[in-house]
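Now for the letters of each chain:
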Amino acid sequence: MADRAARVIAPTMLALFAVVGAVMGHRSLPVGLVLAASVTVIAAATAWRGLVEWRLAVPLLVAAAGLVAIGHGNSANLVWMGFCVAAGWVALVSTLPATLTVGGVLGLTLVSEWAQQTEEPGWAAWITGTTFTLVACIFARRLRETVRQLEAAQHQLAERSRAEERTRIAGEMHDVIGHALTVSLLHISGARLALDEDPDEARRALAEAERLSRSSLEEVRATVGLMRTDAPGERAPLPVATDIGRLVDSFRSAGTEVDLTVTGDLEELGPTRGLAAYRIVQEALTNAVKHAPGERVTVAVTVESGTATVAVRNGGDVDASAPLGNGLLGMRDRAEGVGGRLRAGAEQRPSTGSGGPGWLVEAVLPS
C-alpha cells in the first residue's frame, strides 16, 4: 500500500502543487506552467520506472529545482508543499542514506530562501513541515519493514510448529505401533507353537493379541485426536506413568521375563512426564524383545523429590557400534522434551542373569 502511494499519489500531488504554484507565482503564467509541466513529466517518469535509492534521489532533486524556480522568494506559495511530498516519497521507498541526502538538500534550500527573505515568516513553517514529513515517513517505512519481518517470523514459527507436531505424532505412532506389533507377534508365535499341544493356550494368546491390537488402535486414534468417547468434548486419554505396570504385564503375558521395581509415587509425575516415562519404558522393552529375544529384562522406576529415574536393562550380546535407530532417538527427544536426559549403551558388566554384556537405557526426568 505504501509503494502504491509513493508511485501513484506522490507524483500526482507533486504535479498538482507545481501547477498551483505556477498559478500563484510571481512569474508569468506561461513560464510557470512550462516549469510545472517539466516537474510533472519528471515525477511521472520517475514513478513509472519505479526508481528507488539514489536513482530516485536524483530526479526528485531535479524536480525540486523546478519547484524552487516556480516559487522563489514567495513563502506564501503552495508550491513548497511539493518539498513535503518529495521528502515523504523518498523516505517511503529508499534507504536511510538516500533519504537523508534528499532531505538535507531540501532543508538547505528552504534555509537559503529564508536567508534571502528574512522578513518572510513562512519559511520556518515549510522547514518544519518538510522535516516532520521526512521523519514521519522514515518511521513509517521502518514500521512497515518491522511488520513484514514479524509476519515472516510468524510464518516460520507456524511452519516449525507444524513440523514439530508432525514429528511428535510420528514418534507416538512409532512407539504405539512398534509395541503393538512386537507384543502381538510374540502372542501369535506362542499360539502357533501351542496350537497342537494346548489349543486353549493358543486361543488365549490369540485373544490377548487381539485385545492388544484393539488397545493400540485406540491409542493411535487418541494420539491424532480422532478417538472420542460418547460424551461430547472428551477424548480417550493417553497413557501415564501409573500405566507402566499394565504395560509390563502385556510383555509378561507374551512370554517375556520382565522384572518391575517401582519406588515412590508415580502420580507425582503428572501427565506430561508420565507419558514420557511410559513411552521410554515401552520403547526400551520393545527394543529389548526385538534385539535380545528370550533375555530377562529389568525395569526400575524411581520417583524421589519429584525427579523420576527410569532404567531398563536387558542381557544378551549387544552390538555397541550399531548406529542409533529411530527408537533411541525418539526416547532421547522425549526425555529432553521435559527437560531431562537419556543415555543408552552397552554395560561393562552383566546386570541380568545372562552372561552377555547387557544393554542399559536410563532416563532422568527432573521436576
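Residues numbered from 1 in each chain as written. Predicted model: local features only at pLDDT ≥ 70, side-chain atom pairs only at ≥ 80, totals over all residues. Heavy atoms only, no water.

### Let's talk about the overall build of the chain
Alright, step 1. Check the secondary structure of the chain and you find ten helices and five strands.
Alright, step 2. Burial analysis of the chain (367 residues in total) assigns 41% to the buried set.
Alright, step 3. Considering only intrachain contacts with a sequence separation of at least 6, the fraction spanning at least 24 residues in the chain is 71%.
Alright, step 4. As displayed, the chain has an accessible area near 19700 Å², and 60% of this comes from carbon and sulfur atoms. (Helix = DSSP H or I, 4+ residues; strand = E, 2+ residues; numbered from the N terminus. Buried < 20%, exposed > 50% of the residue type's maximum accessible area, 1.4 Å probe, protein only. Contact = heavy atoms within 4.5 Å. Areas by Shrake-Rupley, 256 points an atom, 1.4 Å probe, with all protein chains shown as cover.)

### Regarding the state of the cysteines
Alright, step 1. This structure, assessed with the given rule, holds zero disulfides.
Alright, step 2. The closest cysteine sulfur to the non-disulfide-bonded C84 is located on C137, 9.7 Å from its own sulfur.
Alright, step 3. Judged by relative accessible area, which is 10%, C84 ranks as buried.
Alright, step 4. Given a relative accessible area of 15%, C137 falls into the buried group. (Disulfide = S-S within 2.5 Å.)

### Notes on a nonpolar patch on the surface
Alright, step 1. Nonpolar side chains collect at one region of the surface, where V19, V23, M24, L29, L33 and L78 lie side by side and expose about 480 Å² of accessible area between them.
Alright, step 2. The set of elements that each furnish at least two residues to the nonpolar patch consists of α1 (2–24) and α2 (29–49).
Alright, step 3. Considering each element in turn, the nonpolar patch owes the most residues, three residues, to α1.
Alright, step 4. Here V19 shows up in helix α1.
Alright, step 5. V19 sits in the partly exposed class, given a relative accessible area of 37%. (Patch = residues over 30% accessible without salt bridge, like charges linked within 9 Å, V, L, I, M, F, W, Y side chains within 5 Å. Salt bridge = Lys/Arg side-chain N within 4 Å of Asp/Glu carboxyl O.)

### What to know about the nonpolar core
Alright, step 1. Counting residues in each nonpolar core, the largest one holds 37 residues, and the members touching the most others are L14, W80, F83 and W89.
Alright, step 2. Elements supplying a minimum of two residues to this core: α1, α2, α3 (53–71), α4 (81–93), α5 (96–116) and α6 (123–194).
Alright, step 3. Looking at this core, the element that brings in the most residues is α4, giving nine residues.
Alright, step 4. By size, the runner-up hydrophobic cluster in this structure holds 33 residues, among which are I280, V301, A308 and M331. (Core = buried A, V, L, I, M, F, W, Y, C linked by side-chain atoms within 4.5 Å.)

### Side note on the packing of helix α8 (residues 244–253) against helix α9 (residues 270–291)
Any two packed helices are characterised by how steeply their axes cross, that is the angle between the axes, and by the distance between the axes.
Alright, step 1. Relative to each other, α8 and α9 sit at 15 degrees, their axes nearing to 10 Å. Here α9 runs roughly parallel to α8, going by the angle between their axes. Between α8 and α9 the crossing geometry is right-handed. Residues I244, R246, L247, V248 and F251 of α8 touch α9, and the partners they reach there are A277, Y278, V281, Q282, L285, T286 and V289. (Axes fitted to C-alpha atoms, helices over the stretch in contact; angles between N-to-C directions. Parallel < 35°, antiparallel > 145°, perpendicular 65-115°, else oblique. Left-handed = near helix turned anticlockwise from the far one by under 90°.)

### Regarding the pattern of salt bridges
Alright, step 1. One pass over the structure, following the stated rule, counts six salt bridges.
Alright, step 2. Among the salt bridges present, the one from R296 reaches D259, with a minimum N-O distance of 3.0 Å. Within this pair, whereas R296 is found in the loop between α9 and β2 (297–304), its partner D259 is found in strand β1 (residues 258–263), the two being separated by 37 residues in sequence.
Alright, step 3. Judged by its relative accessible area of 33%, R296 is partly exposed.

### What to know about the packing of aromatic side chains
Alright, step 1. A full pass over the atoms with the stated rule returns two aromatic pairs.
Alright, step 2. Ring geometry for W80 against W123: centres 5.1 Å apart, planes inclined by 75 degrees, an arrangement best described as edge-to-face. With W80 in the loop between α3 and α4 and W123 in helix α6, the pair connects residues that are 43 residues apart, well separated along the chain. In this structure, W80 and W123 share a single accessibility class: buried.
Alright, step 3. Grouping aromatic residues by their ring pairs yields a cluster made of W80, F83 and W123. (Phe/Tyr/Trp six-rings, centres within 6.5 Å; stacked < 30°, edge-to-face > 60°.)

### So, the side chain of S75
Alright, step 1. If you trace the backbone, S75 turns up in the loop between α3 and α4.
Alright, step 2. With residues up to four places along the chain from it excluded, the contact list for S75 reads W80, E120, G122, W123 and W126.

### Considering the packing of α3 against α5
Alright, step 1. As a packed pair, α3 and α5 sit with axes 9 Å apart at the nearest point and diverge in direction by 15 degrees. As summarised for this structure, α3 and α5 are arranged roughly parallel, according to the angle between their axes. In this structure, α3 crosses over α5, and the sense of that crossing is right-handed. Together, E53, W54, A57, L61, A64 and V68 of α3 and P97, A98, T101, V102, V105, L106, T109 and E113 of α5 make up the contact between the two elements.

### A short note on the sheet that holds β2
Alright, step 1. Strand order in this open sheet of five strands is β1-β2-β3-β5-β4, and the pairing throughout is mixed. Strands with a single pairing partner mark the edges of an open sheet, and in this sheet they are β1 and β4 (341–346). Between one strand axis and the next, the sheet turns through 10 degrees on average, direction left out of account.
Alright, step 2. Its contacts with the sheet put α9 on β1, β2, β3 (307–314), β4 and β5 (359–365), and the angle it makes with β3 is roughly 5 degrees. (Pairing = 2+ DSSP bridges.)

### Focus on α3
Alright, step 1. Taking 1.5 Å per residue as the helical rise, α3 with its 19 residues ought to reach 27 Å, and the 27 Å between its terminal C-alpha atoms agrees with that figure.
Alright, step 2. Among all positions in α3, only L56, A57, P59, L60, A63, A64, G66, L67, V68, I70 and G71 are buried. (Expected span 1.5 Å × (residues − 1).)

### Topic: unusual backbone geometry
Alright, step 1. Phi is positive for E53, close to 55 degrees, though the residue is something other than glycine.
Alright, step 2. Mapped onto the fold, E53 is located in helix α3.
Alright, step 3. Its relative accessible area of 26% is what places E53 among the partly exposed residues.

### Comments concerning the environment of V338
Alright, step 1. Inspection of the secondary structure assignment puts V338 in the loop between α10 (326–337) and β4.
Alright, step 2. Taking the C-alpha atoms as reference, V338 lies 7.8 Å from P366; in sequence the two are 28 residues apart.

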